[in-house]
Amino acid sequence: MLSIDRSIIDAIVAHARRDHPDEACGVVAGPAGSDRPTRHIPMQNAARSMTFYEFDSMEQLRVWREMEDRGEEPVVIYHSHTATEAYPSRTDIAFAGEPNAHYLLVSTRDPQVEEIRSYRIVNGTVTEEPVRILDANVDQHAVQSYKFGQNPTTVDYECSGR
C-alpha cells in the first residue's frame, strides 16, 4: 500500500495538469528504507510527448545524487497519461527500473476527475496497490464525526477506560 500526504498528491496532480497535453513526470523521495514519500521532485519530460515520458539523463543523475547525499531514495516514481486510464503501458513496464518504488500514475484525460493509481512493477510484473492519502491536518488516531454527505465537522478523541 502506498501511504502519501494529500499535499504531495495535490502537487503531483497540479504538475500533471500544468504539463497537459504532454505527460508529466517526477519523483517523490523519502528516507532510505522507510517507504515514506516526503519530498516531491517534479522533473522535465525530456521527450515532451503526449504518449511517452523520459527523464532528462543529466537531471536524473543530479536528482539521484542529491537523494543519495541526503540519505534518500525514490519512494514514488510518477507520471501522467493524457488520454488513457492510469495504467502502465508496455513502455512504462519495460522502463520500470526501481523494484522498491511505487509507480504512481495520474490520468489527465478528464479535467474534472482526479484519477490516481499506484503499482509495483518488478521484473515486468505489474501489481496494483491501494493508495492511502493522508491529511496532515487531521490526527490519524482521532475519530472523525460528520454529517452524511458533508466534510468532517468535529474531531473526537477516543478515551480509554471510559
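These notes cover the structure that comes with them. (Residues numbered from 1 in each chain as written. Predicted model: local features only at pLDDT ≥ 70, side-chain atom pairs only at ≥ 80, totals over all residues. Heavy atoms only, no water.)

**Thoughts on the packing of aromatic side chains**
Now for step 1: Inspection of the entire model under this criterion finds 4 aromatic pairs.
Now for step 2: Where Y53 meets F55, the ring centres are 5.7 Å apart and the plane angle is 70 degrees; that geometry is what we call edge-to-face.
Now for step 3: Of the aromatic side chains, those joined through ring pairs into one cluster are Y53, F55 and W64. (Phe/Tyr/Trp six-rings, centres within 6.5 Å; stacked < 30°, edge-to-face > 60°.)

**Examining the side chain of E72**
Now for step 1: Here E72 shows up in strand β4 (residues 72-81).
Now for step 2: E72 sits in the buried class, given a relative accessible area of 13%.
Now for step 3: Reaching out from E72, the side chain makes a polar contact with the side chain of R39 at a distance of 2.6 Å.
Now for step 4: The residues contacting E72, other than those within four sequence positions of it, are A29, G30, P31, A32, R39 and M67. (Helix = DSSP H or I, 4+ residues; strand = E, 2+ residues; numbered from the N terminus. Buried < 20%, exposed > 50% of the residue type's maximum accessible area, 1.4 Å probe, protein only. Polar contact = N/O pair within 3.5 Å; in protein donor to acceptor, adjacent residues only side chain to side chain. Contact = heavy atoms within 4.5 Å.)

**Here's the deal with the sheet that holds strand β2 (residues 25-31)**
Now for step 1: As summarised here, the arrangement of the 6 strands in space is β3-β2-β4-β5-β6-β7, forming an open sheet in which the pairing is mixed. Edge strands, defined here as strands with exactly one partner in the open sheet, are β3 (39-43) and β7 (125-129). When the angles between neighbouring strand axes are averaged without regard to direction, this sheet yields 30 degrees.
Now for step 2: Two elements, β4 and strand β5 (residues 102-107), share 6 bridges in a ladder whose sense is parallel. Across the sheet, residue H81 finds its bridge partner in β5, namely S107.
Now for step 3: Those strands touched by helix α2 (residues 57-69) are β2, β3 and β4, and its axis lies near 170 degrees from that of β3. (Pairing = 2+ DSSP bridges. Axes fitted to C-alpha atoms, helices over the stretch in contact; angles between N-to-C directions.)

**Details of the nonpolar core**
Now for step 1: I41, M43, F55, M67, I77, Y103 and I121 are the most contacted members of the largest nonpolar core, which has 18 residues in total.
Now for step 2: For this core, the elements supplying multiple residues, two or more each, are β2, β3, α2, β5 and β6 (115-122).
Now for step 3: At 3 residues, the largest contribution of residues to this core is made by β2.
Now for step 4: M43 has contacts with H15, C25, G26, V27, F55, E59, Q60, V63 and W64, leaving out every residue within four places of it along the chain.
Now for step 5: I8, Y78, V106 and I116 belong to the second largest nonpolar core, which has 15 residues in total. (Core = buried A, V, L, I, M, F, W, Y, C linked by side-chain atoms within 4.5 Å.)

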